Amino acid sequence: MKKQNVRTISLIVCTFTYLLVGAAVFDALESETEKRRWEALQAVEDMIIRKYNISQEDFKVMETVVLKSEPHKAGQQWKFTGAFYYATTVLTTIGYGHSTPTTRGGKLFTMCYAIVGIPLGLVMFQSIGERVNRLSSYVIKAVRTSLRCKRTVASEVDLICVVTTLSSLTIAGGAAAFSRFEGWSYFDSVYYCFITLTTIGFGDMVALQKDNALNRKPEYVMFALIFILFGLAIVAASLNLLVLRFVTMNTEDERRDEAQAMQALQVAVKLEGDVITSNGSILSGYEGHDGQSLNGTNTSSMCSCRCICLNGGNRHKKHKNASSDHVAEQQYKMRRSPTHIRHLLPEVVPMQDLNYDTQSMHTIGALNGSGIMSGSHMGIGLDVVDDTGNRSPIKPQPHPQKLLKRNVSLLSFRI
């Protein structure tokens, strides 16, 4: 199984396990309190019905009126200031629910507005978060340079510490301000700031909903909007370091697999015809990959020309004179064939570049008109095969020059 699939399955299992643990904890913490509050509200409802002698239907009507009139106590929500606040909660996906459109046109425009606005907001906050991380790295580098530290480059751990500190300071400062303007406790204000900046947005606590603050306190409205936008940018910087690294792991693994596949394709070579290996063995109709033959023999040095064909010393063919025209024809076929990779093919040395002992060659031709040669290594000795199939070794004649012009074997290769 691929590494990406294993990581995905592990994430799914961990997420569902985390959900089960969270459900168990919330059940233990909130279920009893919910039950007691429901019993208390039922007692108050019964008391009001008995005291004022009203029916259950009349009480339901009163309850509906109270619930529907609650948002209007905060003042007008759909003037420009309130509408801008609502648009901010839509674009940032906070969604307090303090005010919702009631007309069909308002609901339709909200959906269309969110389709364009939410991606735009995510890209904007992500870009701001990257700029914050870049600025933080410059500040860390400047501070370390002034302190003459050996290592001045900011690491990911340093950036995580910086953005975490900035996020904590933003929540702490915003909680102090909201505690003063809204009359909440400091703990409740911290809770509101965290729920807002993480875009959870339960809506149980919403700022700017008292004393018609949307229309009467413009400075407070400006502070609330700046807090939301700046705080979300800081949170985006944190997510850029903490979350996106894990999100991009699958992409990096896929790119690595593609690179390895491309590298394997680049070294794949297909050769047609008989192949002479460096140890003198012959492979007929060989198709190679990574320099390995069909029987496992290393063929990193080979020649694909048909000048001499040997098969383990048992297979003999006629010797063909590898002239320059023959070599040119072989190279032209290699260039024209799409299955060949030219830069990976061995360089074939033309036969005219090799200096034979002409006397030995004429002797071979005199003994056997066909001049068939055999042997595992051409430089060791030559065998002459007559018409009856008998083989008689002929030692090379002494010559002041070496048998080869180059100080290599009969066929020289350069990969």
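The structure this text deals with has already been given above.
All of the points below concern the structure found in this document.

Cut-offs used in this document
- Residues numbered from 1 in each chain as written.
- Predicted model: local features only at pLDDT ≥ 70, side-chain atom pairs only at ≥ 80, totals over all residues.
- Heavy atoms only, no water.
- Helix = DSSP H or I, 4+ residues; strand = E, 2+ residues; numbered from the N terminus.
- Buried < 20%, exposed > 50% of the residue type's maximum accessible area, 1.4 Å probe, protein only.
- Expected span 1.5 Å × (residues − 1).
- Contact = heavy atoms within 4.5 Å.
- Patch = residues over 30% accessible without salt bridge, like charges linked within 9 Å, V, L, I, M, F, W, Y side chains within 5 Å.
- Areas by Shrake-Rupley, 256 points an atom, 1.4 Å probe, with all protein chains shown as cover.
- Salt bridge = Lys/Arg side-chain N within 4 Å of Asp/Glu carboxyl O.

## A look at the overall build of the protein
For the protein, the helix and strand inventory stands at twelve helices and five strands. Residues counted as buried form 32% of the 415 residues belonging to the protein.

## Overview of helix α4 (residues 104-146)
Taking 1.5 Å of rise per residue, 43 residues should cover 63 Å, and α4 covers 61 Å from first to last C-alpha, within 8% of that figure. All of the buried residues along α4 are T110, A114, G117, G121, F125, G129, V132, N133, S136, S137 and I140. On the buried face of α4, the contacting elements are α3 (80-91), α5 (156-182) and α8 (218-242). In the stretch just after α4, R148 is the one whose phi turns positive, near 60°.

## Some details on a nonpolar patch on the surface
Together, M1, V6, I9 and V13 make up a nonpolar patch on the protein surface, roughly 410 Å² of accessible area in all. In this structure, M1 sits in the segment before α1 (3-52).

## Thoughts on helix α6 (residues 186-197)
The end-to-end C-alpha distance of α6, which contains twelve residues, comes to 16 Å, matching closely the 16 Å that a straight helix rising 1.5 Å per residue would cover. Along α6, the positions that sit buried rather than exposed are S189, Y192, C193, I195, T196 and L197. Contact partners of the buried residues in α6: α3, α5 and α8. Positive phi shows up at T199, right after α6, with a value of about 60°.

## Notes on the environment of G231
Inspection of the secondary structure puts G231 in helix α8. Looking at G231, the relative accessible area reads 1%, which means it is buried. Residues G231 and T196, spaced 35 residues apart in sequence, show a C-alpha to C-alpha distance of 9.0 Å.

## With respect to the pattern of salt bridges
Scanning all chains against the criterion turns up one salt bridge. Among the salt bridges present, the one from D158 reaches R144, with a minimum N-O distance of 2.8 Å. Placement of D158 in helix α5 and of R144 in helix α4 is noted, with a sequence separation of 14 residues between them.

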